[in-house]
Amino acid sequence: MPYKSINLIVSLPQELSLGKPIRHQHSLELPVTPPKAVPVCPHCHSPGCISKGSDGFQSIRHVPSGNVGVFLTFKKQRFYCAECLASFTYHYPWQHHPLPVTDALYLSILSDLSRPVTIPDIAAKNCVTDNIVRGVLKSIDIPKCPALPEIVCIDDFRGNAGAYNPKRKKWDAPVFQTCVVDGLSGRIIDILRDRSSATVQEFFLSFPESQRKNVKFYSCDMSGIYAAAARKIFPDAVLCVDRFHVVQWLNKAVDAVRRRLQNEFRNIPAKYSKLKDSRLMLLTKECSQRTYWEAYGYEEKLARLQTLLAEFPDLCEVFDALQEYHFICAVDTEPIRRLKLTEWINKYLSSEVGEVRDAAKTVENWKENILNSFTHGITNGPVEALNNQIKRLKKISCGVHDFESFRKRILLCFGTTSFVRNQYTIFGEKHAQKISIKKEDLDHD
């Protein structure tokens, strides 16, 4: 077969004969003549099929040329199976049946779906409709992660994605979904439909016991659901509660006290004005105050903070609790850190401020797991970073109702999947599979 450079340029196999292009107003029609087909019956897989001749013309979309949509037009071939007496239309290897697109266009759309861009933008770039892009997304099948890593990080995010209920004619969408991440490589293992205990346990129990024993560390927030799953499924793993979630909890306590005082003194302008717009100032670490406040007048900010704490004792106590915990996080020695955290808990368990007392009780309940995070240096940083990326993807998508489509899009954009982007080699040989989606080996070295 002579080598056809034009076929390589337009991403078509060498065996196709190209006709003269026909230019329309908004598209380009490219007539092609496929070679004589030697089909196998799709029903009984018998090679003895008899041609019934042509059954009209068929047009499918191809990769655009210069922002102009391209259609391939060719004759359909009908065959009759002498074994099972069935008739069928032959689909060529470079077609991606049942979608009316070529493999080259299919892979181009799939490549764009692996980047955080909107579906209308992908459709406009490839000169196709939005429904074709959604059809490509639904057609892929991402395999399950073959093994669990040594460090598992888990957290929830607000996804609002579910499944359509035809009886209610509404979408049954849980508010939160669960993200499971490899804590060492930072790669997404999978996205779970919701954050219920049954869903989390079902996912981990789908792995064999030998794989579950490989998990050495399990990091989560102060959620009883995730911790209960860890204690049941990974009894030998070290349960770590991210110490920065404690900071988040204390930040919420500081803000709760500030808002409570604002509501209490709303009718007293002199006190209300002092509390107004003080949130960021109260949450700043003492060791970082000069750095953050230098551009806004460090002395003035510090004087305002001291006046505020002197006038409102409740705010002063919760502020001191937050700053003392920051100091504990900076301690390097394990025995001293444990001693300081125990003293911190005993001090604020007897606090008269309800928000501080509740925070101290929570830290007391998770004390050993928080100290495990310090000792082994395990945090939920990888999953928190991916949660921000997922929120960005959800924002540019203007929300996604269907959970499976949302999950596939997340795994394509931020997961470990990889696929072949050009299905033809320089010699015009087709790869063995239309799409090769594989999982990379988790490297713990």
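Residues numbered from 1 in each chain as written. Predicted model: local features only at pLDDT ≥ 70, side-chain atom pairs only at ≥ 80, totals over all residues. Heavy atoms only, no water.

## What to know about the overall build of the chain
Within the chain, the regular secondary structure consists of 18 helices and 15 strands. Within the chain, the fraction of its 445 residues that count as buried is 45%. Counting contacts in the chain only where the partners sit at least 6 residues apart, residues at least 24 apart contribute 60% of the total. For the chain, the exposed surface amounts to about 23,300 Å²; the carbon and sulfur share of it is 53%. (Helix = DSSP H or I, 4+ residues; strand = E, 2+ residues; numbered from the N terminus. Buried < 20%, exposed > 50% of the residue type's maximum accessible area, 1.4 Å probe, protein only. Contact = heavy atoms within 4.5 Å. Areas by Shrake-Rupley, 256 points an atom, 1.4 Å probe, with all protein chains shown as cover.)

## Focus on the pairing of strand 3 (residues 27-33)
For strand 3, a buried count of 5 out of 7 residues is recorded, marking the element as mostly surrounded by other parts of the structure. In this structure, strand 1 (residues 17-18) lies alongside strand 3, joined through 2 bridges in antiparallel fashion. Bridge pairing in strand 3 places Leu-18 opposite Val-32. The pairing of strand 2 (residues 22-23) with strand 3 spans 2 bridges and is classified as antiparallel. Paired with Ile-22 across the bridge in strand 3 is Glu-29. The loop that links strand 2 with its antiparallel partner strand 3 comprises 3 residues. (Pairing = 2+ DSSP bridges.)

## Some details on the layout of surface pockets
Taken as a whole, the largest pocket encloses approximately 480 Å³ of empty space. Along its surface, the largest pocket is lined by 18 residues, and Asp-155, Asp-156, Asp-221, Gln-248 and Lys-252 are the ones closest to its centre. Those elements that place two or more of their residues in the lining of the largest pocket are strand 7 (151-158), helix 8 (243-264) and helix 17 (381-396). Among the residues forming the lining of the largest pocket, the class breakdown is 5 nonpolar, 5 polar and 8 charged. (1 Å grid on protein atoms, 1.4 Å probe; cavity = no way out; pocket = protein on both sides within 12 Å on 5 of 7 lines; lining within 4 Å. Points joined across faces, edges and corners; volume = space filled by probe spheres on them. Nonpolar A, V, L, I, M, F, W, Y, C, P; charged D, E, K, R; others polar.)

## Some remarks on the nonpolar core
General note: in soluble globular proteins, nonpolar side chains tend to be found buried as a group. Core analysis: the largest hydrophobic core is formed by 63 residues, its most contacted members being Phe-204, Tyr-218, Leu-315, Tyr-325 and Trp-344. Every residue in contact with Tyr-325, bar those within four places of it in the chain, is listed here: Arg-243, Val-246, Val-247, Leu-250, Leu-341, Trp-344, Ile-370 and Phe-374. Within the second largest apolar cluster, 42 residues are counted, among which are Ile-142, Cys-153, Val-181 and Ile-378. (Core = buried A, V, L, I, M, F, W, Y, C linked by side-chain atoms within 4.5 Å.)

## Examining the confidence of the model for the chain
When pLDDT is averaged across the chain, the result is 83; 89% of the residues are at 70 or more. Low confidence marks residues 418-445, where pLDDT is under 50. Its contacts with residues over four positions away, or in another chain, come to 72 contacts. (pLDDT = per-residue confidence, 0-100.)

## Here we look at the packing of helix 2 (residues 103-113) against helix 18 (residues 403-414)
Here helix 2 crosses helix 18 at 85°, and the two axes come no closer than 8 Å. The angle between the axes of helix 2 and helix 18 places the two elements in the roughly perpendicular class. Between helix 2 and helix 18, the contacting residues are Leu-110, Asp-112 and Leu-113 on the first element and Arg-409, Leu-412 and Cys-413 on the second. Among the residues making up the contact of helix 2 with helix 18, the classes are represented as 4 nonpolar, no polar and 2 charged. (Axes fitted to C-alpha atoms, helices over the stretch in contact; angles between N-to-C directions. Parallel < 35°, antiparallel > 145°, perpendicular 65-115°, else oblique.)

## Some remarks on the environment of Ser-197
With respect to the secondary-structure elements, Ser-197 resides in helix 5 (residues 197-205). On the basis of relative accessibility, which here comes to 28%, the residue Ser-197 falls in the partly exposed class. Engagement of the side chain of Ser-197 in a polar contact is seen with the side chain of Gln-201, the distance being 2.9 Å. (Polar contact = N/O pair within 3.5 Å; in protein donor to acceptor, adjacent residues only side chain to side chain.)

## So, helix 5
Within helix 5 the residues assigned to the buried category are Thr-199, Val-200, Gln-201, Phe-203 and Phe-204. On its buried face, helix 5 sits against strand 7, strand 10 (176-182), strand 11 (188-192), helix 6 (209-212), strand 12 (217-220) and helix 7 (224-233).

## Let's talk about the sheet that holds strand 12
An order of 11-10-7-12-13 is seen for the 5 strands of this open sheet, with the pairing classed as mixed. Two strands bound the open sheet, and with one partner strand each, they are strand 11 and strand 13 (238-241). With strand direction ignored, the average angle separating the axes of adjacent strands in the sheet is 20°. Pairing between strand 7 and strand 12: 3 bridges, direction parallel. Note that in strand 12 the partner of Val-152 across the bridge is Tyr-218. Packing against the sheet, helix 7 makes contact with strand 7, strand 10, strand 12 and strand 13, and its axis sits at approximately 170° to strand 12.

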